[in-house]
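Residue-level structural notes
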Amino acid sequence: MSGLVCRSYDPRDASAIRRVDELSLAETETNPDDIPDNDDLADVQASYPDAGGEFVVGVVEDREMLPGADDRSFEDVGTHDGYVVAIGGYLPSETGYADERSVAGGAELHRMRVHPAAQRQGFARKLLADLESRIVAAGYDPILATTARRQRKAVAFYPSAGYAQVGESTMGEYDLVHFEKRIES
């Protein structure tokens, strides 16, 4: 779907990105409080750009362009230039969270989410392509992604976008699936 603009995080997006994260996790019956290092969205600037990564929001300017435009949950994701429907970021692998795998020279995707009422419109692919471009421009290779097995859409999404499953692990009550994509220029 056209109309999605991917741009860098702006502090005015703070409440909208937390709401997209909350709605997306609720869809998979995941409690945000159960996720390790869940405080990154409390200070996006410190957690991403200041740590050597980036955080990107996908915004649709006109709510009428959204599927189910009358869905009341879109009211909570408005920002200064439209409606936040997709979010995601990356961190250099070596500076990511202590409980994550680390691959020299790599970057790890984080918080890849699409508002549940805006899914299946190509927003995730456009957001991922934007993040991959930023990661490549920053000189990272490979790109890493980890998701909980219960997030079935994400587990299916990454292989369809060229990511290879490279492992599995368990953290608390979550069975995790690890993916990797080599850029090789």
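Residues numbered from 1 in each chain as written. Predicted model: local features only at pLDDT ≥ 70, side-chain atom pairs only at ≥ 80, totals over all residues. Heavy atoms only, no water.

Further remarks concern the overall build of the chain. Looking only at helices and strands, the chain has 4 helices and 8 strands in total. Listed N to C, the secondary structure of the chain is β-α-α-β-β-β-β-α-β-α-β-β in terms of helices and strands. In terms of overall size, the chain behaves like a compact globule, its C-alpha atoms giving a radius of gyration of 15 Å where 185 residues would be expected to give roughly 16 Å. Put simply, the chain has 185 residues, and 48% of those count as buried. (Helix = DSSP H or I, 4+ residues; strand = E, 2+ residues; numbered from the N terminus. Rg over C-alpha atoms; globule rule 2.2 N^0.38 Å. Buried < 20%, exposed > 50% of the residue type's maximum accessible area, 1.4 Å probe, protein only.)

Another aspect to go through is the environment of E180. By secondary structure assignment, the location of E180 is in strand β8 (residues 174-181). Judged by relative accessible area, which is 15%, E180 ranks as buried. As a C-alpha pair, E180 and Y163 span 17 residues in sequence and 5.2 Å in three-dimensional space. At a separation of 3.3 Å, a polar atom in the side chain of E180 contacts the side chain of R182. (Polar contact = N/O pair within 3.5 Å; in protein donor to acceptor, adjacent residues only side chain to side chain.)

Where strand β7 (residues 164-171) meets β8, 7 bridges bridge the pair, whose relative direction is antiparallel. Counterpart to A164 in the pairing with β8 is E180. What sits between the antiparallel neighbours β7 and β8 is a turn of 2 residues, in which G172 has the positive phi angle 60 degrees. (Pairing = 2+ DSSP bridges.)

So, on to a negative patch on the surface. Taken together, E61, D62, E64 and D70 make up a surface patch of like negative charges. Structurally, D62 is set in the loop between β2 (54-60) and β3 (78-79). (Patch = residues over 30% accessible without salt bridge, like charges linked within 9 Å, V, L, I, M, F, W, Y side chains within 5 Å. Areas by Shrake-Rupley, 256 points an atom, 1.4 Å probe, with all protein chains shown as cover. Salt bridge = Lys/Arg side-chain N within 4 Å of Asp/Glu carboxyl O. Lys, Arg positive; Asp, Glu negative; His and termini not counted. Charge placed at Lys NZ, Arg CZ, Asp CG, Glu CD.)

Tallied over the full model, the rule gives 15 salt bridges. For R111, the salt bridge is made with D21, and the minimal N-O distance between the two is 2.9 Å. One end of the pair, R111, is in strand β5 (residues 107-114); the other, D21, is in helix α1 (residues 14-27), with 90 residues separating them in the sequence. Of the residues examined, R111 reaches a relative accessible area of 8% and is grouped as buried. Each of D21, D40, R111 and R113 takes part in a single network of salt bridges with overlapping partners.

The next thing to look at is unusual backbone geometry. Geometrically, the link from D141 to P142 is a cis peptide bond, its omega value of 10 degrees lying close to zero. Within the secondary structure, P142 sits in the loop between α3 (123-137) and β6 (143-148). One non-glycine residue, R111, lies in the positive phi region at around 55 degrees. One non-glycine residue, R120, adopts positive backbone phi at about 70 degrees.

Buried within helix α4 (residues 152-160) we find V155, F157 and Y158. Looking straight down α4, one finds that the buried residues subtend no more than 165 degrees of arc, so they occupy a single side. Structural note: α4 exposes R152, K153 and A156 on the side pointing more than 90 degrees away from its buried face. The inward-facing, buried residues of α4 contact β5, α3, β6 and β8. Looking at the residues trailing α4, positive phi occurs at G162, about 95 degrees. (Arc of directions from axis to C-beta. Contact = heavy atoms within 4.5 Å.)

This brings us to α1. The terminal C-alpha atoms of α1 lie 21 Å apart, and with 14 residues this matches the ideal 20 Å at 1.5 Å per residue to within 8%. Here α1 has its buried residues at A14, A16, I17, V20, D21, L23, S24 and L25. Following α1 by one or two positions, E29 has its phi on the positive side, about 55 degrees. (Expected span 1.5 Å × (residues − 1).)

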